[in-house]
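Structural overview for review
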Amino acid sequence: MATAADVRTSRIELSIGGMTCASCAARIERKLNKLDGVQASVNYATEKARVSFPETFTAEELVKVVENTGYTAELPAPPQAAGSAEKAEEDPTRTLRQRLITSIVLTVPVIALAMIPALQFTHWQWLSLTLAAPVVVWAAWPFHKAAWTNLRHGAATMDTLISIGVAAAFLWSLYALFLGTAGTPGMTHAFELTVQRMSGAGNIYLEVAAGVTTFILAGRYFEARSKRRAGAALRALLELGAKEVAVLRDGREQRISVDDLKVGDRFVVRPGEKIATDGVIEEGSSAIDASMLTGESVPVEVEAGDTVVGATVNAGGRLVVRATRIGADTQLAQMAKLVEDAQGGKAEIQRLADRVSAVFVPIVIALAVGTLAFWLGAGSGVSAAFTAAVAVLIIACPCALGLATPTALLVGTGRGAQLGILIKGPEVLESTRRVDTVVLDKTGTVTSGQMSLVEVHAADGVTEDEVLRLAGALEHASEHPIAKAIATGATDRVGDLPVVEDFRNLEGLGVQGVVGEHAVLVGRERLLQEWSVRLSEELIAAKEEAEDKGRTAVLVAWDGEARGVLVVADTVKPTSAEAIAGLRGLGLRPVLLTGDNEAVARAVAAEVGIDEVIAEVLPQDKVDVVKRLQSEGRVVAMVGDGVNDAAALAQADLGLAMGTGTDVAIEASDLTLVRGDLRAAVDAIRLSRRTLSTIKGNLFWAFAYNVAALPLAALGLLNPMIAGAAMAFSSVFVVSNSLRLRGFRSANKQTV
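What counts as what
Residues numbered from 1 in each chain as written. Predicted model: local features only at pLDDT ≥ 70, side-chain atom pairs only at ≥ 80, totals over all residues. Heavy atoms only, no water. UniProt positions renumbered as here; feature names shortened; annotations may be inferred. Pairing = 2+ DSSP bridges. Helix = DSSP H or I, 4+ residues; strand = E, 2+ residues; numbered from the N terminus. Expected span 1.5 Å × (residues − 1). Contact = heavy atoms within 4.5 Å. Axes fitted to C-alpha atoms, helices over the stretch in contact; angles between N-to-C directions.

You'll find the protein entered in an unreviewed UniProt entry as Cation-transporting P-type ATPase B, with Lentzea jiangxiensis given as the organism. Per its UniProt entry, the protein bears the Subcellular location (unreviewed entry) comment "Cell membrane". Quoted verbatim from the Sequence similarities (unreviewed entry) field of UniProt, the annotation for the protein is "Belongs to the cation transport ATPase (P-type) (TC 3.A.3) family. Type IB subfamily."

The sheet built from six strands is open, its strands ordered 6-5-7-13-8-11 with antiparallel pairing. Strands with a single pairing partner mark the edges of an open sheet, and in this sheet they are strand 6 (252-257) and strand 11 (307-308). Note: strand 7 (residues 266-269) against strand 13 (residues 319-325), four bridges, orientation antiparallel. Note on strand 13: the bridge partner recorded for Val269 is Leu319.

This brings us to helix 18 (residues 481-494). Here helix 18 contains 14 residues, and its C-alpha end-to-end distance of 20 Å stays within 8% of the 20 Å for a straight helix at 1.5 Å per residue. Looking at the buried positions of helix 18, the neighbouring elements they touch are strand 16 (447-458), helix 17 (464-475), strand 20 (552-558) and strand 21 (561-572). Trailing helix 18 by a residue or two, Gly495 shows a phi angle of about 85°, which is positive.

Mapped onto this numbering, the UniProt entry annotates "transmembrane region" (unreviewed entry) at residues 100-118, 124-141, 161-184, 204-222, 356-378, 384-411, 698-715 and 721-739. The distance from the first to the last C-alpha atom of residues 124-141 is 26 Å, and the span holds 94% helix and 0% strand.

Here the focus is the sheet that holds strand 1 (residues 9-17). What the four strands build is an open sheet, ordered 2-3-1-4; its pairing is antiparallel. Only two strands of the sheet have a single neighbouring strand rather than two, namely strand 2 (39-43) and strand 4 (72-74). Each adjacent strand pair in this sheet contributes to an overall mean axis angle of 30°, direction not counted. Of the pairings in the sheet, the one linking strand 1 to strand 3 (residues 48-54) comprises seven bridges and is antiparallel in character. Note on strand 3: the bridge partner recorded for Ile12 is Val51.

The following block contains the structure:
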């Protein structure tokens, strides 16, 4: 007899459609977890469900369960179809955009006719009905569908309130037009703000029904656009890899697709090319630029027997590599999985409006039913009772609520863009208020990410300019990143460089050649030793001091004598120290996190004023560090720029990517700092906190106006003009409050 331990389980990721709020995700999760042996986790932000299930179930059965819950589910596409599926993928916001544009075109004249008596010509109400009907029925269909789904499961969300309010306004308008007196030729809405009991048979609320639909659609559209980033991070990661590879077959090179590469294949990597996949070098030596994967600012010298990682760049000589891992087993693919896991594991932040509506909606519905019952029992007549009940539903459906989040977000993000800050969406703002720790990547974030010449030490009897002129001339002929840094520094200091003759690149050691009348050597100490050139005590001290700081020391010799030491390093950005001070001023604790060595990290941290340093970490370790800090109760912001930071950016409570970094880091982050200036991180957190507080203020007043008017509606004292005025005034207030964000100023005086 098989035990529970004998039952094999499978894992699958389903794409879920139709969710409108975090409670939808929770509902699907509960349904799946009720199945025996099934464990499911549904993420509203990424619209994915990760399901572990026993062999007693099939994937199709799981899809059926989701569909029976009222949502859609799709199985993952097979690998070979992934590329074509990606190309054929439609913009998920296209339908929403079409509904929004149609609504705006039709709703503007409806509102104008209702609010401006001078435009109310004979039979104007029938034109309003013709224009409003498509908005209420077609454009608002997603709200009606979601409300019906929620009703079937005994739940109430913002969609429920929107649907009921829109439907109530529209159906009552139909009653007033066809059975009441509102359809009479020459009917007008007089601009009177009176409080009196009425039957309501002569009032129409078409502008309310159409206006609410349009405003809420606008909010949903901007939210949907911001949610598309989840898959983009993974696509950007996989785009980093090489597309073709030169494989050695029968001693000849043959170019094939990377997808056709097999473990054990030998392939050629020329200077400047990306390494196709993870492997071991069999022939040649070179320098590999692995900064995007490891964070090390200095290219890594490799030779036969060393391992290399796919998607890193060969900066030096020709290599022959034997493939050891391909496809999903490569480090790049594993990093893509890390990003996906980190995004999937993010806390599902419910929209503030949904949280409030979870309590507000049932109360309003109960109040409307109670109002209807009271007036019927009081003998006021069916028309007056329904008027009061419908007025409760209409005034409780605030169009300002649809503007609360998108207007503040649009103004805040617009001002942010002027300051070099891109905010991905409303869901990221809540984290900024609670963040207490900021983890900073070193390379490209605190530092420039590029090697540059920082010091020149000349031996006795030789000038620094002479060392730079001869060494710079030789390095100018090399493609090595350190050589480029020296050549650039030399050109900046001494101008034009002399011509080199008999140039030779000694892989792994340095370069040699003839400059004028001098035979020059530039490179490692081992190169000078091979030519029996000894260093003076002064130059040895300079070399050791540079290496103690984690910098790269390059030795220069000519005519058989050591003449100087050139120090190359990834320099700290001039604004980084100011930025760290600004972060501390916001109550944040800075932590330097890097894949570089301890000495380099400590030197950089001391220069900018950071006390806590975590060095020599791999990409997966960066994620673990963020998780560890979170497990200690800290709310973590992560600032980075490289592929190696992408998973940690996604895992952090708030991810900030430098705009000068890779697309992968930018896609995996919540905020992007376009300028590449760390001071923008200070402004980003300040602006996000200000925007969040504005959204909260908007939500409060959007509800407050309507809650204040509810008693009048319940008493049957609310005429259409008061309802319209309250609706318009709350909307104007919300927009005006949001526009205050345009006055946000950067803490950096140099920024406008």
